[in-house]
Amino acid sequence: QVRLVESGGGVVQPGGSLRLSCAASTSISSIYRKAWYRQAPGKQRELVAGYAGGGVINYGDSVKGRFTISTDNSKNTLYLQMNSLKPEDTAVYYCNGKWRDTIYWGQGTQVTVSS
């Protein structure tokens, strides 16, 4: 099995930046369809950013141009760089990925954008 652990969440002012990390217990390159999702109170979980394969990266419309997904293979870590944060970005953020035909989820990290 694979463990995914998010970190880096917190409280930030509108317009600020935050970088989330997702540490994997195995080689990050062996995990496919790596992605970040978020869920705000009363809303469905939605895709924020994800690797679709073939070098294609999908971003949710509301975060395009502001968020960037990346990996550091040497650290077995998935990142989400979030810039120009807005109050509507407030949510619990989750990382996930597929390993040996199983989809794994992290426990989530809270991001709150508020003055």
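Since this is a predicted model, take the numbers as computed values, not measurements.

Peer 1: Can you help me understand the nonpolar core in this one?
Peer 2: A general trend in soluble globular proteins is that nonpolar side chains are found buried together. Counting 27 residues, the largest nonpolar core has Trp36, Leu80, Met82 and Tyr93 as the members making the most contacts within it. If you list the elements that add at least two residues to this core, you get strand 3 (18-24), strand 5 (46-53), strand 7 (67-72), strand 8 (77-82), strand 9 (91-99) and strand 11 (109-113).

Peer 1: What is the right way to read unusual backbone geometry from this model?
Peer 2: Phi is positive for asparagine 76, close to 50 degrees, though the residue is something other than glycine. As for its position among the elements, asparagine 76 is in the loop between strand 7 and strand 8. Even without a glycine there, the phi angle at arginine 100 is positive, about 50 degrees. For arginine 100, the position within the fold is in the loop between strand 9 and strand 10 (102-105). For arginine 100, a relative accessible area of 68% translates into the label exposed.

Peer 1: Is there a simple way to explain the pattern of salt bridges in this structure?
Peer 2: On inspection of all chains with the given rule, the structure shows four salt bridges. One salt bridge connects arginine 38 with glutamate 46, and the closest N-O pair in it is separated by 2.8 Å. A residue is classified by how much of its surface remains accessible, and glutamate 46, at 36% relative accessible area, is partly exposed. Of the charged contacts in the structure, one is a salt bridge between aspartate 89 and arginine 38, with a shortest N-O distance of 2.9 Å. Of this pair, aspartate 89 sits in the loop between strand 8 and strand 9 while arginine 38 sits in strand 4 (residues 32-39), and the two are 51 residues apart along the sequence. Taken together, the shared-partner salt bridges connect Arg38, Glu46, Arg66 and Asp89 into one network.

Peer 1: Can you help me understand the state of the cysteines in this one?
Peer 2: Here a disulfide denotes one covalent bond, and it connects the sulfur atoms of two cysteines. Following the criterion strictly, the structure yields one disulfide and no others. At a sulfur-sulfur separation of 2.0 Å, the disulfide partner of cysteine 22 is cysteine 95. Disulfide cysteine 22 to cysteine 95: torsion about the S-S bond roughly 60 degrees, handedness right-handed. Of this pair, cysteine 22 sits in strand 3 while cysteine 95 sits in strand 9; the two residues are 73 residues apart in sequence, bridging distant segments of the chain. One exposure class covers both cysteine 22 and cysteine 95, and it is buried.

Thresholds, definitions, all that
- Residues numbered from 1 in each chain as written.
- Predicted model: local features only at pLDDT ≥ 70, side-chain atom pairs only at ≥ 80, totals over all residues.
- Heavy atoms only, no water.
- Core = buried A, V, L, I, M, F, W, Y, C linked by side-chain atoms within 4.5 Å.
- Buried < 20%, exposed > 50% of the residue type's maximum accessible area, 1.4 Å probe, protein only.
- Helix = DSSP H or I, 4+ residues; strand = E, 2+ residues; numbered from the N terminus.
- Salt bridge = Lys/Arg side-chain N within 4 Å of Asp/Glu carboxyl O.
- Disulfide = S-S within 2.5 Å.

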